[in-house]
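One letter stands for each residue in the lines below.
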Amino acid sequence: MTGFVILALLVFVIIFVSKMVRMVPQGYEWTVERFGQYTHTMSPGLHFLFPIVQGVGRKVNMMEQVLDIPSQDVITKDNAVVKVDGVVFFQVLDAAKAAYEVSNLEQATIALVMTNIRTAIGSMDLDESLSKRDEINAKLLTVVDQATHPWGIKVNRIELKDIQPPRDLVDSMARQMKAEREKRANILEAEGLRQSEILRAEGEKQSAILAAEGKREAAYREAEARERLAEAEAKATSMVSQAIAQGDVQAINYFVAQKYVEALKDFAHSPNQKLMILPTDVTGVIGSIAGIAELAKEGLAKQQTAISAKQGG
């Protein structure tokens, strides 16, 4: 009997000590209740409680936690139904509020986020809800963080994972995107053709300008050649005139024979003439040529006389 009592006392002491000595792990905080009423919060470390009178109320996780927001159907402003889900990152800052201000913290947070997702996306068109995801996240974060502040938690981030429109809308959007791409391609092609035509016109313009400049330069050269030819003709005519004034008949014959021969040459080279009839008075031409020979002889004799006189002197 005595041994049984001792064993019972030993078990009671062990249970009493285990209830009295409590060790809170890192990343957690435990609330302490006295006869069911909250008194204080135990931080990580070793703590002592008075059993029966004091006890551990709630064990609160103080680390950042992640909640998955289940997918739900949301109607946009333009009456398009989309499926939306997301995630919430939050951290408990006040263990007592998180334990006693709300019955189920995680469920309440999920319900609050889902409600505000419907509100945020319901105020936007489908295009806006698909393109302004960052704006939706920021709006949700501001509203939910303010609403959960009395619960002693801090909502750090809210991210929408997926916004999925109905299949028919996805197909319609794909066709629209294809049409837009084809439109841009046609515009670029037309712009390229336009630019090509402009460049071709510019090239033709420059070619015409260069051709005109070439013709102008050729005309200038031709006019200069005619001018020099006229000067030579004038000089030859002047020399013949001086010879005539001095009574040199052979010079006249030379001049006439030269013009006669040039006229025959031009007549022979004319593309419109297929038949050439020579004049019957060929002796006149021969006489003119003979006159040219006599002029050459006289010129040579005078040149030899001048050389002999120079040597004799």
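Heads up: the structure comes first, above all this text.
The structure reproduced in this document is the subject of the present report. Note that the structure is predicted; figures quoted are calculated from it, not measured. (Residues numbered from 1 in each chain as written. Predicted model: local features only at pLDDT ≥ 70, side-chain atom pairs only at ≥ 80, totals over all residues. Heavy atoms only, no water.)

1. Topic: the packing of aromatic side chains
Then, number 1: The full count for this structure, using the stated rule, is 1 aromatic pair.
Then, number 2: For the ring pair Tyr 38 and Tyr 100, a centre distance of 5.4 Å and an interplane angle of 50° mean the geometry is tilted. Taken together, the residues Tyr 38 in strand S3 (residues 37-42) and Tyr 100 in helix H2 (residues 95-100) connect sequence positions 62 residues apart.
Then, number 3: Classification of Tyr 100 by relative accessible area gives partly exposed; the value is 33%. (Phe/Tyr/Trp six-rings, centres within 6.5 Å; stacked < 30°, edge-to-face > 60°. Helix = DSSP H or I, 4+ residues; strand = E, 2+ residues; numbered from the N terminus. Buried < 20%, exposed > 50% of the residue type's maximum accessible area, 1.4 Å probe, protein only.)

2. Quick look at the sheet that holds S3
Then, number 1: One open sheet accounts for 3 strands, arranged S3-S2-S5; its pairing is antiparallel. Pairing within the sheet leaves two strands with one partner each, and these edge strands are S3 and strand S5 (54-61). Going across the sheet, the axis of each strand differs from the next one's by a mean of 30°, ignoring polarity.
Then, number 2: With 6 bridges joining them, strand S2 (residues 28-34) and S5 adopt antiparallel strand pairing. Bridging from a neighbouring strand, Tyr 28 pairs with Asn 61 of S5. (Pairing = 2+ DSSP bridges. Axes fitted to C-alpha atoms, helices over the stretch in contact; angles between N-to-C directions.)

3. Examining the pattern of salt bridges
Then, number 1: Throughout the structure, instances matching the rule amount to 10 salt bridges.
Then, number 2: Residue Lys 132 pairs with Glu 128 through a salt bridge whose shortest N-O separation is 3.9 Å.
Then, number 3: With a relative accessible area of 34%, Lys 132 lands in the partly exposed category.
Then, number 4: Residue classification places Glu 128 among the partly exposed positions, given a relative accessible area of 28%.
Then, number 5: Close ionic contact of Arg 200 with Glu 197 constitutes a salt bridge, the shortest N to O distance being 2.8 Å. Of this pair, Arg 200 and Glu 197 both sit in helix H6 (residues 167-245), 3 residues apart, which is roughly one turn of the helix.
Then, number 6: Exposure remark for Glu 197: the relative accessible area of 44% places this residue in the partly exposed category.
Then, number 7: Bridged by salt links that share partners, the residues Glu 217, Arg 221, Glu 224 and Arg 228 form one connected network. (Salt bridge = Lys/Arg side-chain N within 4 Å of Asp/Glu carboxyl O.)

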